[in-house]
Every structure is written in C-alpha cells, then in structure tokens.
Amino acid sequence: MSSHSELKNSQDVHLRAKQIKSLIRSLKQKIKKIEREGEVAPANCHIIRYQVNGKGTIYWYYKLQAAESIFPMATNNEKKTKYKYLGRAGISAHIDAVEKLTRRNLIDELERVIQSLTESYLDIYIGTETE
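Reading the values: rules and limits
Residues numbered from 1 in each chain as written. Predicted model: local features only at pLDDT ≥ 70, side-chain atom pairs only at ≥ 80, totals over all residues. Heavy atoms only, no water. Helix = DSSP H or I, 4+ residues; strand = E, 2+ residues; numbered from the N terminus. Polar contact = N/O pair within 3.5 Å; in protein donor to acceptor, adjacent residues only side chain to side chain. Contact = heavy atoms within 4.5 Å. Pairing = 2+ DSSP bridges. Axes fitted to C-alpha atoms, helices over the stretch in contact; angles between N-to-C directions. Salt bridge = Lys/Arg side-chain N within 4 Å of Asp/Glu carboxyl O. Buried < 20%, exposed > 50% of the residue type's maximum accessible area, 1.4 Å probe, protein only.

(A) Region of the structure containing the environment of aspartate 96. Here aspartate 96 shows up in helix H2 (residues 92–130). The sequence separation of aspartate 96 and glutamate 39 amounts to 57 residues, and the corresponding C-alpha distance is 9.1 Å.

Below you can see the structure in the form of structure tokens.
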C-alpha cells in the first residue's frame, strides 16, 4: 500500500474515532441534563397496575415494583420490600413515579447507546490493526 493511501486511511480512522468520541460526550451531557431535571427511579423498576374489588366496584391502583427489595416497608422502615404503593391514577405519587421512571428509561437507553458507541470506537482501532 502506498504511503499516501496509508496516510489517508489513518486520517479517516482518526476522524471516525473523533466523531464517535464527540457523540459519546454529547450523550453523557444529555444524561447529566436529565439527572438535573429531577430524581431518577432506581434501576430495574417499573410501574404495575392492579385491581381491587370492593362492594360491587372495581378500583385500579398503581405501585412501583423493583427487581429486588429496595423500598422501605410502610409498617417497618428497617425492612425492605419490592413494592412502593403509589395509589390511584393521577395522584401526585403516581405522577411523580412516572416522571422518575421516564428519566430512568431515557438514561438507560442513552447508556446502551454509549456502550454501543464505545464498542464501535474500539472496533475502529482493532479493525485497522488487521488491515
């Protein structure tokens, strides 16, 4: 391979790597912005809807569910549970949990993209070693 094409290839590699690093920085800034907007729900949580039957009427309630017991129990703060009661649709606890969970989901997705871009960044340099 001529030195001109090697130089061009080297410049191309560095340009692609620089673009990826720039995008990663930008995504990390977006994560920080989301975190500044308010509290973020713990990882591996989701909101579940459940019904309670009472005197001929069905009531719908919501709770935040975690993969592990992380929430203090209502009856004993020293013990932990997987659930945090939110109440009925639209009350402040429910809306607050939805906002926190939305921020968590946005951050999780941005972190997945950052991980993918980090692998792409490594691929650029690993790929050039075999060329």
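(B) Spatial organisation of the side chain of arginine 104. With respect to the helices and strands, the residue arginine 104 is situated in helix H2. Among the polar contacts made by the side chain of arginine 104, one reaches the main-chain carbonyl oxygen of alanine 41 at a distance of 2.8 Å. In this structure arginine 104 touches Val40, Ala41, Pro42 and Ala43, once residues within four positions along its chain are discounted.

(C) Broad picture of the sheet that holds strand S5 (residues 83–87). The strand order S1-S2-S5 describes an open sheet built from three strands, whose pairing is antiparallel. The open sheet has two edge strands, strand S1 (45–54) and S5, and neither has a second partner. Averaged over neighbouring strand pairs, the angle between their axes works out to 30 degrees when direction is ignored.

(D) Focus on the pattern of salt bridges. A complete count under the given rule lists six salt bridges for this structure. The partner of aspartate 108 in a salt bridge is arginine 104, with the nearest N and O atoms 3.1 Å apart. Placement of both aspartate 108 and arginine 104 in helix H2 is noted, with a separation of four residues, approximately one turn of the helix. You can call arginine 104 buried: its relative accessible area is 16%. The shortest N-O distance in the salt bridge between arginine 112 and glutamate 109 comes to 2.8 Å. With arginine 112 and glutamate 109 both in helix H2, this residue pair falls three residues apart, about one helical turn. In this structure, a network of salt bridges that share partners links the residues Glu39, Asp96 and Lys100.

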